[in-house]
Amino acid sequence: MEQRVSLITLGVRDLSRAVAFYRALGWEPVPDENDDVFFFQTGGIIVALWGRDQLAEDSGVEDGNGWGGVTLAHNVRSPAEVDAVIEQARAAGARIAREPGPAFWGGHTAVFVDPDGHPWEVAHNPGWTIREDGSVQLPT
């Protein structure tokens, strides 16, 4: 197996609400013939929104309706961009779980939670490079 992730699917309770939330963040789904799943091209990874029940069944797991032990991250180029993204998420209806501020490791971070309970860390890590296409390069 190659060391990469190509698709992250978020299980959502209300697909229309979820799509509206991500559109309010400035994301636009890739047009296709599907109306029960929406795909967003995000740099080198695709993020999908699909009904939580369908995703659990397709994945062969029981849905306990709790946090699944995963936090997504959106790395940005500056501390000011962290602040701006959090304000955009707040305006879109996100719950802000951690307001922007300095991180113990030297960066600047915050966390918002989307309407379906998926936490997103927004972070500026001064040691990481954000390429023009939005992909992240770890230091070598």
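Preceding block: the structure.
**A few points about the sheet that holds strand β2 (residues 37-42)**
No. 1: If you walk across this open sheet you meet the three strands as β1-β3-β2, and the pairing is mixed. Either end of the sheet is taken by a strand with one partner, and the two such strands are β1 (7-12) and β2. Taken pair by pair, the neighbouring strands of this sheet meet at an average axis angle of 20 degrees, ignoring direction.
No. 2: In terms of strand pairing, β1 meets strand β3 (residues 45-51) through six bridges, oriented parallel. Counted as the bridge partner of V12 is G51 from β3.
No. 3: Relative to the sheet, helix α1 (residues 15-24) contacts β1, β2 and β3, its axis offset from that of β3 by approximately 150 degrees.
No. 4: Strand contacts of helix α2 (residues 52-59): β1 and β3, with the helix running at about 110 degrees to β3, the strand carrying the most contacts.

**Topic: the pattern of salt bridges**
No. 1: Within this structure, the stated rule accounts for six salt bridges.
No. 2: Between R23 and E28 there is a salt bridge, with the nearest N and O atoms lying 3.1 Å from each other.
No. 3: Its relative accessible area of 41% is what places R23 among the partly exposed residues.
No. 4: On the accessibility criterion, E28 (52% relative accessible area) is exposed.
No. 5: Among the salt bridges present, the one from R90 reaches E87, with a minimum N-O distance of 3.0 Å. Of this pair, R90 and E87 both sit in helix α3 (residues 79-92), separated by three residues, roughly a single helical turn.
No. 6: Residue R90 is classed as partly exposed on the basis of its relative accessible area of 33%.
No. 7: If you follow the salt bridges from partner to partner, you end up with E87, R90 and E99 in one network.

Reading the values: the criteria
Residues numbered from 1 in each chain as written. Predicted model: local features only at pLDDT ≥ 70, side-chain atom pairs only at ≥ 80, totals over all residues. Heavy atoms only, no water. Pairing = 2+ DSSP bridges. Helix = DSSP H or I, 4+ residues; strand = E, 2+ residues; numbered from the N terminus. Axes fitted to C-alpha atoms, helices over the stretch in contact; angles between N-to-C directions. Contact = heavy atoms within 4.5 Å. Salt bridge = Lys/Arg side-chain N within 4 Å of Asp/Glu carboxyl O. Buried < 20%, exposed > 50% of the residue type's maximum accessible area, 1.4 Å probe, protein only.

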